[in-house]
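One letter stands for each residue in the lines below.
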Amino acid sequence: MPQEITRTQIEKYVVYTGPTAESFSPTMAGITYPDPAYEILVYRRPLCVFEYVLSGRGHIERNGSILTVNAGDAYILTAGTYHHYYSDKVDPWTKIWFNVSGSLVQHLLSDYGLDGVTLIPRFHNETPLTRILDAFTADPVHSADKLAVLLHQYIQELADFLANKVPINPTALAIRNYIDMHLTESLSLDHLADTVSLSRSRLIHLFQEVYHVAPYQYYLSQKCKLAQSMLSRTTLSVSAISTQLGFLDPHHFSSFFKKQCGLSPASYRKLHTAPGNFPT
């Protein structure tokens, strides 16, 4: 039977109280504030834990070794494993975190090559988990669909970072990060250029020079990948996916998807969802 021991926790957290599914079930999100006595010991908990250290240090004991995590580091503690993690006594951590379970999480970690990864050192990006906590706080009852999208984006960003896809040019990276974090919105090149204080033509040239693709085409491509994952990995209706991705209506979404992927959303889902994985 799963067991958990928790000692002296000073936290601000939100508990999800809405409907859950076997494929995706958010549980809690929050921030842990500095406390030298903070300690959690977990045996086979069915949750996956995503955490990011905002300041200070902590330690993770797992698989017979101890990892020290510092400010700017991200880490993942997968479901069903033993892990013991605690604050540094001298410089205790502040960390932001998200706990979630379900087959979708495991599929995404596997698809992006993160199922065996614990520590992502020097990630230096608290924004993805901050967005998750903000969405959780704003609506702890009906936020599951939005949280699934935000978690997918976070996992993709972690995988890209580990694959050394981060370019030397910080402005190009800022452009890509902004696109990646706004896939569920309508983006214009003019707005994107204003965001990074470049002219439209300079933005296009810089992004294409670094990533070998035009920025708007990159946006469309990433949005399509997100739609594909939601169609094959969740039970959301086409209409619900359309809304989550920021389209005006399902017809607009279907036209976009068919143009990008060559199939209608319904046809893609039928071809790429294993029988029995998700109810219709």
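Computed from a prediction, not measured in an experiment: that's the story for all the values here. (Residues numbered from 1 in each chain as written. Predicted model: local features only at pLDDT ≥ 70, side-chain atom pairs only at ≥ 80, totals over all residues. Heavy atoms only, no water.)

Further remarks concern the packing of aromatic side chains. Taken as a whole and judged by the stated rule, the model has 15 aromatic pairs. Each ring, one from Tyr75 and one from Trp93, has its centre 6.2 Å from the other, and the planes form 15°; the classification is stacked. One end of the pair, Tyr75, is in strand β8 (residues 74-77); the other, Trp93, is in the loop between β9 (83-87) and β10 (94-101), with 18 residues separating them in the sequence. You'll find Tyr75 and Trp93 in the same group, each marked buried. Considering the side-chain rings of Phe247 and Phe256, the 5.1 Å spacing of their centres and the 40° angle between planes classify their relative orientation as tilted. Aromatic ring contacts, followed pair by pair, group Phe247, Phe253, Phe256, Phe257 and Tyr268 into a single cluster. Positioned over the ring face of Phe247 is Lys223, at 5.1 Å from the centre of the ring. (Phe/Tyr/Trp six-rings, centres within 6.5 Å; stacked < 30°, edge-to-face > 60°. Helix = DSSP H or I, 4+ residues; strand = E, 2+ residues; numbered from the N terminus. Buried < 20%, exposed > 50% of the residue type's maximum accessible area, 1.4 Å probe, protein only. Lys NZ or Arg CZ within 6 Å of the ring centre and 35° of its normal.)

Looking at where Pro128 falls in the secondary structure, it is placed in helix α2 (residues 127-138). Look at Pro128 and you get buried, because its relative accessible area is 2%. Put simply, Pro128 and Leu150 are 22 residues apart on the chain and 7.2 Å apart in space, counted from C-alpha to C-alpha. Every residue in contact with Pro128, bar those within four places of it in the chain, is listed here: Tyr154, Glu157 and Met181. (Contact = heavy atoms within 4.5 Å.)

On to the confidence of the model for the chain, then. Averaged over every residue, the pLDDT of the chain is 86; residues scoring 70 or more account for 92%. Every residue in residues 1-8 is under pLDDT 50, and counting partners more than four places away or in other chains gives 22 contacts. (pLDDT = per-residue confidence, 0-100.)

Pairs may arise between side chains of opposite charge once their charged atoms sit close together. Enumeration over the complete set of coordinates arrives at 4 salt bridges. For Glu51, the salt bridge goes to Lys95, with nearest N and O atoms at 2.7 Å. Taken together, the residues span a long stretch of sequence, with Glu51 in strand β5 (residues 48-55) and Lys95 in strand β10 at a distance of 44 residues. Accessibility classification places Glu51 together with Lys95 in one group, the buried group. The closest approach of N and O atoms between Arg200 and Asp190, which form a salt bridge, is 3.4 Å. (Salt bridge = Lys/Arg side-chain N within 4 Å of Asp/Glu carboxyl O.)

For the rest of this paragraph, the subject is helix α3 (residues 144-162). A rise of 1.5 Å per residue sets the reference length of α3, with its 19 residues, at 27 Å; its end C-alpha atoms lie 27 Å apart and thus fit the reference within 8%. Across the 19 residues of α3, 15 count as buried, placing the element largely inside the fold. Of the residues trailing α3, Asn164 is marked for its positive phi of about 60°. (Expected span 1.5 Å × (residues − 1).)

To continue, consider the packing of α2 against α3. The geometry of α2 relative to α3 is characterised by a closest axis approach of 9 Å and an angle of 170° between their N-to-C directions. Judged by the inter-axis angle, α2 sits roughly antiparallel to α3. Contacts between α2 and α3 pair Pro128, Leu129, Arg131, Ile132, Ala135 and Phe136 from the former with Lys146, Leu147, Leu150, Leu151, Tyr154 and Glu157 from the latter. Tallied by class, the residues present in the contact of α2 with α3 amount to 9 nonpolar, no polar and 3 charged. (Axes fitted to C-alpha atoms, helices over the stretch in contact; angles between N-to-C directions. Parallel < 35°, antiparallel > 145°, perpendicular 65-115°, else oblique. Nonpolar A, V, L, I, M, F, W, Y, C, P; charged D, E, K, R; others polar.)

A few words on the nonpolar core. Core analysis: the largest hydrophobic core is formed by 35 residues, its most contacted members being Phe24, Phe50, Phe98 and Leu151. Sorting elements by how many residues they give to this core places α3 first, with 9 residues. The residues contacting Phe98, other than those within four sequence positions of it, are Phe24, Pro26, Met28, Ala29, Cys48, Val49, Phe50, Leu129, Ile132, Phe136 and Leu151. The next biggest cluster of nonpolar side chains, apart from the first, holds 32 residues, and it includes Tyr178, Leu192, Tyr219 and Leu236. (Core = buried A, V, L, I, M, F, W, Y, C linked by side-chain atoms within 4.5 Å.)

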